[in-house]
Amino acid sequence: QVQLVESGGGLVQPGGSLRIPCAASGSTVGINAMGWSRQAPGKERELVASTSYWGNTNYGDSVRGRFTISRDNARNTIYLQMNSLKPDDTAVYYCYAAVPGRKIDWGQGTQVTVSS
C-alpha cells in the first residue's frame, strides 16, 4: 500500500497562485500514474491532472492552461502548480497513486479555498 500526504492547501484570492505537493511513502516501487482529483461541495469528484512515471501529463478541461503537474521520482513526490485561481477551483484536492495490478491509493485531501 502507498501512503500519500498532501500539504500546502489554504486560502488564496482570485487570480492568485498556490503550489501543493503530495509525497508518497510505503510500497512505492512500481508506481506508474500519480495525480490529483478534486471534489467541491455538492459536486462529483473530477480529475484535475495526472502524470505518468515518464512525465506524460493529462489535464481536466477546466484547469488546462492554468494548472501544471510535475513529478520528482527520486522523492516520490508530485506537485500541482495552480495559477489564475478562480472561486470555482475551491475544493478538497486529493492525491492518488496507481500501481498496475493494485487498487488506487488516495491521500486524505487538502482544502483549497479561492475567495476574496
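Since the structure is predicted, the reported quantities are computational estimates derived from the model, not experimental observations. (Residues numbered from 1 in each chain as written. Predicted model: local features only at pLDDT ≥ 70, side-chain atom pairs only at ≥ 80, totals over all residues. Heavy atoms only, no water.)

Some thoughts on the sheet that holds strand β3 (residues 18–26)
Here is step 1 of the chain: In spatial order, the strands read β1-β3-β8-β7; together these 4 strands make up an open sheet with antiparallel pairing. Strands at the two margins of the open sheet, each flanked by one partner only, are β1 (2–6) and β7 (67–72). Across the sheet, the mean angle from the axis of one strand to that of its neighbour is 20°, orientation sign disregarded.
Here is step 2 of the chain: Across 6 bridges, β3 lies against strand β8 (residues 77–82) in antiparallel orientation. What sits directly across from L18, in β8, is M82. (Pairing = 2+ DSSP bridges. Helix = DSSP H or I, 4+ residues; strand = E, 2+ residues; numbered from the N terminus. Axes fitted to C-alpha atoms, helices over the stretch in contact; angles between N-to-C directions.)

Digging into the pattern of salt bridges
Pairing between side chains of opposite charge can happen when their charged atoms approach one another.
Here is step 1 of the chain: Enumeration according to the criterion identifies 6 salt bridges in this entry.
Here is step 2 of the chain: The partner of E46 in a salt bridge is R38, with the nearest N and O atoms 2.6 Å apart.
Here is step 3 of the chain: Residue classification places R38 among the buried residues on the basis of a relative accessible area of 4%.
Here is step 4 of the chain: A single salt-bridge network, built from bridges that share partners, covers R38, E46, R66 and D89. (Salt bridge = Lys/Arg side-chain N within 4 Å of Asp/Glu carboxyl O. Buried < 20%, exposed > 50% of the residue type's maximum accessible area, 1.4 Å probe, protein only.)

What about the environment of V63?
Here is step 1 of the chain: Residue placement: V63 occurs in the loop between β6 (57–59) and β7.
Here is step 2 of the chain: A relative accessible area of 1% places V63 in the buried class.
Here is step 3 of the chain: For the pair V63 and G15, spaced 48 residues apart in sequence, the C-alpha to C-alpha distance is 13 Å.
Here is step 4 of the chain: When near neighbours in sequence (up to four residues on either side) are disregarded, V63 contacts R38 and V48. (Contact = heavy atoms within 4.5 Å.)

Examining the packing of aromatic side chains
To describe a pair of aromatic rings, you give the distance between the ring centres and the angle between the ring planes.
Here is step 1 of the chain: All chains considered together, the criterion is met by 2 aromatic pairs.
Here is step 2 of the chain: Aromatic pair Y53 and W54: ring centres 4.9 Å apart, planes at 80°, arrangement edge-to-face.
Here is step 3 of the chain: According to the relative accessible area criterion, W54 is exposed, its value standing at 76%.
Here is step 4 of the chain: Pairing Y96 with W106 gives two aromatic rings, centres 5.2 Å apart and planes at 50°, and the pair type is tilted. Placement of the pair is Y96 in strand β9 (residues 91–97) and W106 in strand β10 (residues 105–106), with a sequence separation of 10 residues.
Here is step 5 of the chain: The positively charged end of R19 is found above the aromatic ring belonging to Y79, 4.1 Å away from the centroid.
Here is step 6 of the chain: Sitting over the ring of W106, R45 keeps its end group 4.7 Å from the ring centre. (Phe/Tyr/Trp six-rings, centres within 6.5 Å; stacked < 30°, edge-to-face > 60°. Lys NZ or Arg CZ within 6 Å of the ring centre and 35° of its normal.)

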